[in-house]
Amino acid sequence: MLKKITLICVLVFSVLVAGASEPEFKMINALNYHKSMFAASQADVYLKIPFGKELANVGGCNEDPDVTSEGVPWAFRMVDGGKVWVLDSLNGLLKLFTPDGKVERSVSLTDFGQVVKDFAVAPDGSFAFLNAVTGYVYQAGADGKRISEIEGFNSANSIEFSPDGDLLIDHPIMQAILRFGSNGEIKEQYVCDETLSLYGDASGTLIGLKIDERLAELYLRTVASPATQVVLASFPYTEEHEGVRYVGGKILGKDAAGNIYLNLVACDNNGNIYRDRLYRCSNEGKNLGELDVLTVPFLAPDLPRKRVVCPDGRIMGYYTDDKNYVLCVYSIPKVVAADSKQ
């Protein structure tokens, strides 16, 4: 009799366990994810920089009484040696942080205006600074001293140096990307929509990412004007999830080896996230790695970029806690299984 009761209890427990299915959606880091994303990768903390006014701090909301920023530094970039340039406009400095949080070098922003929105570092160590309020892009030497300025870029979005040192400026109002030489003279105007990026090679070709519902295409702009482009890779969303489509994506940049990085986000009509995936591709468009990731959101829609590519191929992002500006990294696996799905 005891064995019979035990057997019944085991059977009932098995039924209950089988019926306790995994939830369809779950909130992670204040975002709603579909169950296909529950095992996605969290970012690793790379560097915590306290908010404040000291040299080893960066400005946040408390340092921004006039609300001239998004409450965090406008931009950041990793360079060789794991060091990170952080655009601390609220404290008037561009700062180079070492991986242990020390400031190795700083560049005064006094000559470039109060609200410097973006910066870029050229291959020769010189700088460019974008003040999107006054509409000036300033070029400076490796010592940070102003050399020249280009006007007419009110509401420009971001800037970048090409591998050969040309300055690229994204100007959405003009619906164009402009290329300038080191002498400040315009060399090319790429008439474009928001799909074309500032990243390319020394020959003048730029890459872009076009998204249409359940298909994304990585393309190469082979001729600036009239526009001619070649598709390098396609990223179809093939999962059988009704109503799910790509809602965003971005070319993130290139690593020291010249590989291309991008991300794609897919959601349903209710905003539930079914995919936030990072990709590494060769210059020819071959998929060299991919990673589904979880992010920690921070409301700052006007930043020039929220994720950057590190020289070693890691992807750096940011978030905040109560006291710190936190730089974090994702590492895309280098090996993709032969049967992996895009």
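Residues numbered from 1 in each chain as written. Predicted model: local features only at pLDDT ≥ 70, side-chain atom pairs only at ≥ 80, totals over all residues. Heavy atoms only, no water.

**Q** How do you make sense of the overall build of the chain when you look at a structure like this?
**A** In terms of helices and strands, the chain carries one helix and 26 strands. Considering only C-alpha atoms, the chain reaches an extent of 95 × 50 × 35 Å along its principal axes. Buried positions account for 47% of the 342 residues belonging to the chain. In the chain, of all internal contacts separated by at least 6 residues, the share reaching a separation of at least 24 is 45%. Treating the 33 positive side-chain charges of the chain as one cloud and the 44 negative ones as another, the clouds have centres 6 Å apart. (Helix = DSSP H or I, 4+ residues; strand = E, 2+ residues; numbered from the N terminus. Buried < 20%, exposed > 50% of the residue type's maximum accessible area, 1.4 Å probe, protein only. Contact = heavy atoms within 4.5 Å. Lys, Arg positive; Asp, Glu negative; His and termini not counted. Charge placed at Lys NZ, Arg CZ, Asp CG, Glu CD.)

**Q** Quick question: what am I supposed to make of the sheet that holds strand 7 (residues 103-108) here?
**A** Adjacent strands of a sheet form backbone hydrogen bonds with each other and so pair up, either parallel or antiparallel. Spatial strand order, 4-5-6-7: four strands in an open sheet with antiparallel pairing. Every interior strand has two partners, whereas the edge strands, strand 4 (76-78) and strand 7, have only one. The mean inter-strand angle of the sheet, taken between neighbouring strand axes irrespective of direction, is 15°. As paired elements, strand 5 (residues 84-88) and strand 6 (residues 93-97) share five bridges and run antiparallel to each other. Following the sheet pairing, Trp85 is matched in strand 6 by Leu96. (Pairing = 2+ DSSP bridges. Axes fitted to C-alpha atoms, helices over the stretch in contact; angles between N-to-C directions.)

**Q** Honestly, the sheet that holds strand 19 (residues 228-236) in this entry has me stumped. Any pointers?
**A** Taken together, four strands build an open sheet; the order of strands is 16-17-18-19 and the sheet is antiparallel. Taken across any chain shown, the strands that pair with only one partner, and hence form the sheet edges, are strand 16 (196-200) and strand 19. For this sheet, the mean inter-axis angle between neighbouring strands, taken without regard to orientation, is 30°. The sheet contact formed by strand 16 and strand 17 (residues 206-212) spans two bridges and is antiparallel. Directly across from Leu196, in strand 17, lies its bridge partner Gly208.

**Q** Before we go on, may I ask you to explain the pattern of salt bridges in this structure?
**A** A side chain with one charge may pair with a side chain of the opposite charge, provided their charged atoms come close. Scanning the entire structure with this criterion turns up 14 salt bridges. When the shortest N-O distance is used, the salt bridge between Lys187 and Asp166 registers 2.9 Å. In this pair, Lys187 is assigned in strand 15 (residues 186-191) and Asp166 in the loop between strand 12 (158-161) and strand 13 (167-171), connecting sequence segments 21 residues apart. Overall, the relative accessible area of 49% leaves Lys187 in the partly exposed class. (Salt bridge = Lys/Arg side-chain N within 4 Å of Asp/Glu carboxyl O.)

**Q** Even after reading the chapter, I still don't get the pairing of strand 6, so can you show me in this structure?
**A** Looking down a regular strand, the side chains alternate between one sheet face and the other. Most of strand 6 sits out of view: four of its five residues are buried. Between strand 5 and strand 6, which pair antiparallel and follow one another directly, the connecting turn spans four residues, one of which, Gly92, has a positive phi of 75°. Both strand 6 and strand 7 contribute to a ladder of five bridges, which runs antiparallel. Within strand 7, the position partnered with Leu96 by the bridge is Arg105. Count of turn residues in the strand 6/strand 7 antiparallel hairpin: five residues, of which Gly101 carries a positive phi of about 90°.

Structural measurements only, silent on function.
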